[in-house]
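# Working through the structure, step by step
Residues per chain, in single letters:
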Amino acid sequence: VCVCVCVCVCVCVLQLRGGTVVPRSMYLKSKVPVDEESKTITVARRSTEQVEVEVKKEGCKLWWGFASELNDISFGVLYKPDDQAGKKQHAGQMEEIVPNRRVNSHQNFEEGSVDCAKAGIYVVRFDNTYSWTKSKVVHYLVRVNEAGAAQEETVASGGATADA
């Protein structure tokens, strides 16, 4: 066991010696594609944030990408009819499209998409209710690609609402 530890230490020492400049090739790369389209929200401890996305016709594709700073976050996609737009609802009152699950978005950029079977409001939900002490900062981007359309439309509202 001591031999393995010494070998590992020697390898690390050979790569970086104390007091030397760290080469750019060893820098960590940003996981979040930061541009004018991306949004940032803070999900407080023991709470959720919801981003409502209006899909005007069936057959569209809803795409999302996000990364959190420092810790994981729970993520899911829900659906509610147009007549419920703007009304606050608990997750249990909406139809689950993508099941809520914890993701290590602080380690990897998370992205995915879903085909929208019906028009209405799709709710991208960031859930931090399991965390007793830490708020989470999430950088995200949500797009709707209309069926047959060549270009994707970025959701401009970015309207995050807290879920009680």
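Small disclaimer: the values here were computed from a predicted structure and weren't measured.

### Some words on the overall build of the protein chain
- A count of helical and extended segments in the protein chain gives one helix and 10 strands.
- In the protein chain, which comprises 164 residues, the proportion classed as buried is 37%.
- Partitioning the contacts of the protein chain with sequence separation of at least 6, the portion at a separation of at least 24 is 81%.
- When the accessible surface of the protein chain is split by element, carbon and sulfur atoms take 55% of a total near 10100 Å².

### Focus: the confidence of the model for the protein chain
- Residues of the protein chain with pLDDT of at least 70 account for 70%, and the chain-wide mean is 80.
- Below pLDDT 50 for its whole length, residues 1-14 participates in zero contacts with residues either more than four positions away or in separate chains.
- Low pLDDT (under 50) marks residues 150-158, which in the prediction has 21 contacts with non-local residues, meaning those over four places away or in another chain.

### Observations regarding the nonpolar core
- Grouped together as the largest cluster of nonpolar side chains are 24 residues, with contacts concentrated most on Leu-62, Trp-64, Phe-66 and Phe-126.
- Contributions of two or more residues to this core are made by strand S1 (39-43), strand S2 (48-55), strand S3 (61-68), strand S4 (73-80), strand S5 (95-103), strand S7 (120-127) and strand S8 (136-145).
- Leave out the neighbours within four places in its chain, and Phe-66 touches Ile-73, Phe-75, Val-103, Ser-105, Asn-108, Phe-109, Glu-110, Phe-126, Val-138, His-139 and Tyr-140.

### Describing the pairing of S2
- Of all eight residues that make up S2, seven are buried, and the element is covered over most of its length.
- Pairing analysis gives eight bridges linking S2 to S7, with the strands arranged antiparallel. Within S7, the position partnered with Val-53 by the bridge is Tyr-122.

### Comments concerning the packing of aromatic side chains
- The tally for this structure, following the rule as stated, stands at six aromatic pairs.
- Taking the centre distance of 5.8 Å and the plane angle of 45° together, the rings of Phe-126 and Tyr-140 count as tilted. In this pair, Phe-126 sits in strand S7 while Tyr-140 sits in strand S8, placing the two residues 14 residues apart along the sequence. Take Phe-126 and Tyr-140: they sit in the same class, and that class is buried.
- Over the ring of Trp-132 we find Arg-46; its NZ or CZ atom is 4.3 Å from the centre of that ring.
- The lysine or arginine in question, Arg-102, covers the ring of Tyr-130, its NZ or CZ lying 3.8 Å from the ring centre.

### A word on the pattern of salt bridges
- Tallying each qualifying case throughout the model produces eight salt bridges.
- The salt bridge involving Asp-115 is made with Lys-61; its shortest N-O contact spans 3.0 Å. With Asp-115 in strand S6 (residues 110-115) and Lys-61 in strand S3, this residue pair connects regions lying 54 residues apart in the sequence.
- Looking at Asp-115, the relative accessible area reads 54%, which means it is exposed.
- In this structure, the salt-bridge partner of Asp-127 is Arg-125, at a minimum N-O distance of 3.4 Å.
- Taken together, the shared-partner salt bridges connect Asp-72, Arg-102 and Lys-136 into one network.

### So, the side chain of Lys-80
- Following the sequence through the fold, Lys-80 ends up in strand S4.
- Engagement of the side chain of Lys-80 in a polar contact is seen with the side chain of Glu-52, the distance being 2.7 Å.
- Looking at Lys-80, its side chain comes within polar contact range of the main-chain oxygen of Lys-87, at 2.8 Å.
- Apart from residues lying up to four places away in sequence, Lys-80 is in contact with Glu-52, Ala-85, Gly-86, Lys-87, Gln-89, Met-94, Gly-120, Ile-121 and Val-123.

### Describing the side chain of Glu-52
- Residue placement: Glu-52 occurs in strand S2.
- Since its relative accessible area comes to 17%, Glu-52 is described here as buried.

How each quantity is defined
- Residues numbered from 1 in each chain as written.
- Predicted model: local features only at pLDDT ≥ 70, side-chain atom pairs only at ≥ 80, totals over all residues.
- Heavy atoms only, no water.
- Helix = DSSP H or I, 4+ residues; strand = E, 2+ residues; numbered from the N terminus.
- Buried < 20%, exposed > 50% of the residue type's maximum accessible area, 1.4 Å probe, protein only.
- Contact = heavy atoms within 4.5 Å.
- Areas by Shrake-Rupley, 256 points an atom, 1.4 Å probe, with all protein chains shown as cover.
- pLDDT = per-residue confidence, 0-100.
- Core = buried A, V, L, I, M, F, W, Y, C linked by side-chain atoms within 4.5 Å.
- Pairing = 2+ DSSP bridges.
- Phe/Tyr/Trp six-rings, centres within 6.5 Å; stacked < 30°, edge-to-face > 60°.
- Lys NZ or Arg CZ within 6 Å of the ring centre and 35° of its normal.
- Salt bridge = Lys/Arg side-chain N within 4 Å of Asp/Glu carboxyl O.
- Polar contact = N/O pair within 3.5 Å; in protein donor to acceptor, adjacent residues only side chain to side chain.

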